[in-house]
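Chain by chain, the residues run as shown.
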Amino acid sequence: MMIKDSPLYPLKFEPILKQKVWGGKKLKVHFNKNSEENIGESWELSGVDENVSIVANGPLKGKTINWLLENYNEKLVGEKTFKNFGNKFPLLFKFIDAHEDLSVQVHPDDLLAKKRHNSFGKTEMWYILEVEENGRLILGFNQKMTKQIYLDALSENRITDFLKSEEVKKGDAFILKPGTVHAIGAGVLLAEIQQTSDITYRIYDWQRLDTNGQLRSLHTDLALEALNFGPSNARIHYEDSNDNPAFIGKTEFFSVNKLNLSKNHVRNLEQIPSFTVYMCIAGAAMIETENYSERINKGETILVPAQLSEIKFITNSASFLEVYIP
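Residues numbered from 1 in each chain as written. Predicted model: local features only at pLDDT ≥ 70, side-chain atom pairs only at ≥ 80, totals over all residues. Heavy atoms only, no water.

### Things to note about the sheet that holds strand β6 (residues 91–98)
Strand order in this open sheet of seven strands is β2-β3-β6-β13-β8-β11-β15, and the pairing throughout is antiparallel. Bordering the open sheet on either side are β2 (16–24) and β15 (235–236), each of which pairs with just one other strand. Bridge analysis of β2 against strand β3 (residues 39–45) gives five bridges, and the strand direction is antiparallel. Directly across from glycine 24, in β3, lies its bridge partner isoleucine 39. (Pairing = 2+ DSSP bridges. Helix = DSSP H or I, 4+ residues; strand = E, 2+ residues; numbered from the N terminus.)

### Regarding the pattern of salt bridges
Per the stated rule, a full pass over the model turns up 23 salt bridges. Here glutamate 192 makes a salt bridge to lysine 94, at a shortest N to O gap of 3.5 Å. Highlighted residues: glutamate 192 in strand β13 (residues 188–195) and lysine 94 in strand β6, separated in sequence by 98 residues. As far as the burial class goes, glutamate 192 and lysine 94 line up, both buried. Three or more residues are tied together by salt bridges with common partners; here these are Lys164, Glu166, Lys169, Asp172 and Arg235. (Salt bridge = Lys/Arg side-chain N within 4 Å of Asp/Glu carboxyl O. Buried < 20%, exposed > 50% of the residue type's maximum accessible area, 1.4 Å probe, protein only.)

### Topic: the pairing of strand β11 (residues 173–176)
A two-sided burial pattern is seen for β11, the buried positions comprising Ala173 and Ile175 on one face and Phe174 and Leu176 on the other. Here strand β8 (residues 124–131) pairs with β11 via four bridges, running antiparallel. Paired with methionine 125 across the two strands is isoleucine 175, which belongs to β11.

As structure tokens, this is what we get:
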């Protein structure tokens, strides 16, 4: 039997670790990511060019997510998703450790990103995993904003006076639409789910120097067309629950549940039209299918192919973010 004819199973991928000037040690300490550097991001599952994920487990170990798409098509991602995205994996999953404040930035929508970069836009969701005291996010502006007020504030180096700061706690969740000015504050560890895009327009960077002692470049002109000057409504209110999926939020690009398990659990996936991704945010479990079982620990991510209609979690304590394309 050729390898591409072998049945699909829950797939883990080698994390792609990103050293950042603002990164820290939490991804190693909390999530066992193997690096001595200050890591800002662990790309758990990515189809971004030059950052394509590689399978880490089972018979398909060593194959890329792109190879899987080319060989398994809708069996991997679902009929509708394959029809819409073809051989481009549509979502990007990350864990992010902000040891220092990230730059203040904005992302383009699909239309602008297609026009400028031939890329998807960047709608994203954040789920807060850990927060040090006074941990915060920047989300939008703190007053009525116009293009002229914004440009004046930038030129006078007073843009931080106009940014809305929100205190956060573990379990908070946010959906960031393109155009939302934002930054992750120091001391925040979070999971990020987003469209497959690596386009960021940096507006302000705290006068920070890069590893070469230079100020990092800003994208003032590019950001201007992308910015939404209206109020931000990023925070999501949701009800947690135990031993059943709790709906957190959705966009047109992805839907996210939280799954807190205190016992074994059979998850029927027949009604989900795409693949399903589980990001383990606490505890550990065995994920079993008819022909395969795989352990998933805190800080790991696993893709359940669309072809699989049911999985079983063997655990007495585990929490997951469950993500699929609606």
